[in-house]
Amino acid sequence: MLDANRLRVLVEIAHAGSIAAAADRLSFTPPALSQQLTKLEREVGTRLVERGRTGATLTRAGEVLLEHGERVLGELRDAEAAIGAVAGDRADRLSLGAFASAGKVLLPGALAAFGHEHPHVRLSLSDIEPPGGPGLVTSGDLDLLITHRYPGVPLPRADGLHRERLLVDPLLVVAPTGHPVTDAEHSLADLADEEWICGAPGIHNRVSLDTVAAAAGVRLTVAYETRDYEVALALITAGVGIALIPQSILDASHGGGWVSRPLHGARLAREIYTVHRPRPPAPVPGMVATLRRTAARSLRTRLPR
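Residues numbered from 1 in each chain as written. Predicted model: local features only at pLDDT ≥ 70, side-chain atom pairs only at ≥ 80, totals over all residues. Heavy atoms only, no water.

(A) Structural detail: the side chain of His204. Tracing the backbone through its elements, the reader meets His204 in helix 8 (residues 204–216). Sequence-distant contacts of His204, defined by excluding residues within four places in its chain, comprise Pro130, Pro131, His148, Tyr150 and Val153. (Helix = DSSP H or I, 4+ residues; strand = E, 2+ residues; numbered from the N terminus. Contact = heavy atoms within 4.5 Å.)

Right, here's the structure in full:
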């Protein structure tokens, strides 16, 4: 039978990306962690990790064992929590992971409200960009993940986890004040000659832009590459380029100098999700309920009056 502690070594290496980083997280020395990994590889009879100068990469066998290892660790943590509940222990920690812009526009109010209602719960927050995160939830390293999907990007696998759509966040064309989009909606073909601001190839908002451009049969020029929407808005305000930006980001912006419109002929939106284990720690349902209320208030503020 496989040793659960050695399975944890593999899981930590996969999550941390290197043996040195995993050793630090587990309070091991790197040689000692490597020794535990070697023993695990000997037990299963195959190499699990390819060690390189830039980090550690799991082999196909390592990826298969990782999926099982994450579930095993999650079940062990659930068992500890269940025994604690029987003994009368109150869950007092909640670890969250969220992508950067959620941490700016969705979480501040939700965390403040939750902290007021549940003062005994100690919160922690980690920056987790999609597609990362589901494995951390499975293993119990995270109690709750807030993640997103852009058009053209598939949702990552979340086998055995509960995933709930929290918010549909429209993507709007944002341009400098005085741009022709001020007066009417424009199609992507109308904007094909513009200089665009977007993430680098492979970043989810770039995949989305490339997907809708291919569907429209147009070629766009991304002149300024940034994944930071605040940088994009600063450039637009200065009169440089246009971009597709989520409405939640615009709602939270206190600056001016830009205008926004839906893209004609293509109603685009990113979807925001919560992800947690089927039997989550006690504070998780309360936080999900708080996030639902925060998202609902966000939607109400968008309704015309």
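(B) Expanded view of the layout of surface pockets. There is about 570 Å³ of room inside the second largest pocket. What lines the second largest pocket is a set of 19 residues, and nearest its centre among them are Leu66, Glu70, Pro134, Gly135 and Arg157. Listed by contribution, the elements that provide at least two residues to the lining of the second largest pocket are helix 4 (60–86) and helix 7 (134–139). When residues of the lining of the second largest pocket are assigned to their parent elements, the largest contribution, six residues, is made by helix 4. Its residues placed into classes, the lining of the second largest pocket shows seven nonpolar, five polar and seven charged. (1 Å grid on protein atoms, 1.4 Å probe; cavity = no way out; pocket = protein on both sides within 12 Å on 5 of 7 lines; lining within 4 Å. Points joined across faces, edges and corners; volume = space filled by probe spheres on them. Nonpolar A, V, L, I, M, F, W, Y, C, P; charged D, E, K, R; others polar.)

(C) Representation of the environment of Pro201 within the structure. As for its placement among the helices and strands, Pro201 is situated in the loop between strand 7 (195–198) and helix 8. C-alpha of Pro201 to C-alpha of Ile128: the two residues are 73 residues apart in sequence and 19 Å apart in space.

(D) Representation of the pattern of salt bridges. Evaluation of the coordinates by the stated rule reveals 21 salt bridges. Linking Glu117 and Arg293 is a salt bridge whose minimum nitrogen-to-oxygen distance equals 3.2 Å. Here Arg293 lies in helix 11 (residues 283–300) and Glu117 lies in helix 6 (residues 107–117), a separation of 176 residues in the sequence. For Glu117, a relative accessible area of 41% gives the class partly exposed. On the basis of relative accessibility, which here comes to 37%, the residue Arg293 falls in the partly exposed class. (Salt bridge = Lys/Arg side-chain N within 4 Å of Asp/Glu carboxyl O. Buried < 20%, exposed > 50% of the residue type's maximum accessible area, 1.4 Å probe, protein only.)

(E) Highlighting the side chain of Asp78. Among the structural elements, Asp78 can be located in helix 4. Judged by its relative accessible area of 13%, Asp78 falls in the buried class. Reaching out from Asp78, the side chain makes a polar contact with the side chain of Arg277 at a distance of 3.2 Å. With near-sequence residues (within four places) excluded, Asp78 lies in contact with Arg277 and Arg279. (Polar contact = N/O pair within 3.5 Å; in protein donor to acceptor, adjacent residues only side chain to side chain.)

(F) Examining the nonpolar core more closely. By size, the foremost hydrophobic cluster in this structure holds 35 residues, and its most contacted members are Leu188, Trp196, Leu209, Leu220, Ile245 and Leu263. Looking at this core element by element, the count peaks at five residues for strand 6 (residues 162–176). Not counting chain neighbours up to four residues away, the residues in contact with Leu263 comprise Val173, His186, Ser187, Leu188, Leu191, Val212 and Leu268. Counting 20 residues, the second largest nonpolar core, distinct from the first, contains Leu96, Ala110, Val121 and Val284. (Core = buried A, V, L, I, M, F, W, Y, C linked by side-chain atoms within 4.5 Å.)

(G) Up close: helix 1 (residues 4–16). With 13 residues, helix 1 extends 18 Å between its outermost C-alpha atoms, agreeing within 8% with the 18 Å of an ideal straight helix rising 1.5 Å per residue. Listed as buried for helix 1 are Arg6, Leu7, Val9, Leu10, Val11, Glu12 and Ile13. Taken together, the buried residues of helix 1 touch helix 2 (19–26), helix 3 (30–44), strand 1 (49–52), strand 2 (55–58), helix 4 and helix 7. Between a side-chain oxygen at the N-terminus of helix 1 and the backbone nitrogen of Asn5 the separation is 2.7 Å; the capping residue is Asp3. (Expected span 1.5 Å × (residues − 1).)

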